[in-house]
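A look at the structure
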Amino acid sequence: MNSTVRSLHRGVIVGALVAGVAGAPPRLLAQAPAPTPTPTLAPTDDPARAQRLAWFKQAKYGMFIHFGLYAVPAGEWKGRAIPGLGEWIMNRAKIPVAEYELLAKQFNPVKFNADEWVQLAQDAGMKYMVITSKHHDGFALFDSKVSTWDIVDATPFKRDLLKELAAACQRKGMPLGFYYSQAQDWHEKGGAGNDWDFGPDQGPDGKELKDYDAYLRGKAEPQVKELLTSYGPVALIWFDTPRMMSKERGQRFVDIVRTLQPKTLIDGRLGVAGDYVSTGDNVIPGTAPADAWEVPATINHTWGFRKDDRDWKSPGDITFKLLDIVSKGGNYLLNVGPMSDGVIPPASQASLREVGRWLKVNGEAVYGAGPSPWGDEAGEPSARGTKDLRGQPLFLSRNEWRATTKPGRIYLTFFQEPRVPFALPPLKNAVKRVYRLADGAPVETKADGERTSLNIARPFLDPMATVVVVEIEGEAVTK
Ligand code: FHN
């Protein structure tokens, strides 16, 4: 039984909230890594957890950065394009450790400028950043004392990139989190995942064949400690692909995080309860999940830079996805993959900045906003029982408008002009005032029996998306 099937049998995977590559386009899905078990949540009545989550629930939109040696080959190995995710090239091309190590000598991101990265995130309207401190190739982007397989000891660059980024984030008041691949480490013989140099992790009976605990105790755990002691306040640790992560092993990481920085959040892919749910990659659930959750997503079809993938999401698409997610109570963690010189691809920067310009005017509908009081506007599961690529019931998304809320206000974000006066879904609260968020222009309303309809001026003020604010009597919506 492969790991996907095993996790399904354990019943860990719930609906669309699976950690893995679900949502990747078919051409990548075919070669994608096996999905990993999902996440369970910490008890919702834990007051410490609620406090830890407070900033995260306000933030809503963050920048994910996948940066590492894989930006050098950028999807090509020995003249051949290697299909799949850029950061998986070592695995996909089965590159032996000794050969992959040579990439470190070519890794010299001299154009990296921490302030520019943070500025980009701020211009984009993103409120936190998460960077790969160590991805599955085992290479650390920081000066680790427990391994020389890092940016300071193994590359001509010799600078601690994370230190510089952490300092820039602190200067600019940007929360910074670290992605850390706790289980997979293709560089170490005890780490999970490298079966081309070190053989399989487990036998057919599930028996572990590597000294995985030696790797965990000798590298992963000490490195997570380093991240939590030498890089200032760490907003969150983003664990991933929890292979062989038993309860006891997962708990060791939880203890490290809670002891060293009790305010640090743990994502949903440690393998034991974290602080919030991480959905599968690029998976936006159709209906609102309970509690705190986050969608990690690509801006093209890879996380680490690939020179042949220029299929950037448009600003309109990003804005729609952000509002779709926020209207269901979640956070959007959108990735950029810098090139090997340390520059974030200019085309992806342009998309992000355009969304940022929209958010400057309309951010009130996003930051700190709660979910839609309704939900039907998001769409519905296919009535024909069709299944999606992951075997889940196909959700037919609608994309005309989304609703977000704050006490006494409903924000209606329209992506398409309604063809007829827009009838507000059932609402018992009296409507006090309706206006466009961007310029405060009043929107004409008409009582229509129990419903209120809005006559929104056309053409739309902002063709990307126009927000209409409905001020209501009372703080919470009653339906
Ligand atoms: O295998 C990784 C992948 O490279 C990437 O880091 C994503 C980000 O969510 N996580 C894993 C696949 O789900």
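Use the structure listed above.
Everything in this summary refers to the structure shown in the same document. Just so you know, these numbers come straight off a predicted model, no measurement behind them. (Residues numbered from 1 in each chain as written. Predicted model: local features only at pLDDT ≥ 70, side-chain atom pairs only at ≥ 80, totals over all residues. Heavy atoms only, no water.)

Before going further, it helps to examine the sheet that holds strand S16 (residues 431-436). Judged by pairing direction, the sheet is antiparallel, and its four strands sit side by side in the order S13-S14-S19-S16 without closing on themselves. Edge positions in the sheet fall to strand S13 (401-406) and S16, since each of these pairs with one other strand and no more. Recorded for the sheet is a direction-independent mean angle of 20° between the axes of neighbouring strands. Relative to strand S19 (residues 466-472), strand S14 (residues 409-414) runs antiparallel, the two sharing six bridges. Directly across from Phe414, in S19, lies its bridge partner Thr466. (Pairing = 2+ DSSP bridges. Helix = DSSP H or I, 4+ residues; strand = E, 2+ residues; numbered from the N terminus. Axes fitted to C-alpha atoms, helices over the stretch in contact; angles between N-to-C directions.)

What follows concerns helix H11 (residues 212-230). Residues three or four positions apart in an α-helix share a direction because the helix packs 3.6 residues into each turn. The end-to-end C-alpha separation of H11 is 26 Å, in line with the 27 Å expected for 19 residues at 1.5 Å each. Along H11, the largest kink reaches about 25° and is centred on Ala220; proline Pro222 follows within four residues of it. Among all positions of H11, only Tyr212, Tyr215, Leu216, Lys219, Ala220, Glu221, Pro222, Gln223, Val224, Glu226, Leu227 and Leu228 are buried. Contact partners of the buried residues in H11: strand S4 (128-134), helix H9 (161-172), strand S5 (176-180), strand S6 (236-239) and helix H12 (247-260). Immediately beyond the C-terminal end of H11, within one or two residues, lies Gly232, with a positive phi of roughly 70°. (Expected span 1.5 Å × (residues − 1). Bend = angle between axes of the 7 residues up to and from the residue. Buried < 20%, exposed > 50% of the residue type's maximum accessible area, 1.4 Å probe, protein only. Contact = heavy atoms within 4.5 Å.)

Let us now look at the site of the ligand. Taken together, the neighbourhood of the ligand is formed by 14 residues, with His66, Glu87, His136, Asp240 and Asp281 sitting nearest. With respect to the ligand, the side chain of Trp88 contributes an N or O atom lying 2.9 Å from an oxygen atom. When the ligand is considered free in solution it has 330 Å² of accessible area, and contact with the protein chains removes 99% of it. For the shell around the ligand, the residue count by class is five nonpolar, five polar and four charged. (Near = heavy atom within 4 Å. Polar contact = N/O pair within 3.5 Å; in protein donor to acceptor, adjacent residues only side chain to side chain. Areas by Shrake-Rupley, 256 points an atom, 1.4 Å probe, with all protein chains shown as cover. Nonpolar A, V, L, I, M, F, W, Y, C, P; charged D, E, K, R; others polar.)

Interhelical geometry of helix H13 (residues 315-326) versus helix H14 (residues 346-362) gives an angle of 55° and a closest axis separation of 8 Å. Taken together, the axes of H13 and H14 are oblique relative to one another. Considering the relative orientation of H13 and H14, their crossing is right-handed. Along the contact surface, H13 presents Pro315, Ile318, Thr319, Leu322 and Leu323, while H14 presents Ser351, Leu352, Glu354, Val355, Trp358 and Leu359. Taken together, the residues of the contact of H13 with H14 sort by class into eight nonpolar, two polar and one charged. (Parallel < 35°, antiparallel > 145°, perpendicular 65-115°, else oblique. Left-handed = near helix turned anticlockwise from the far one by under 90°.)

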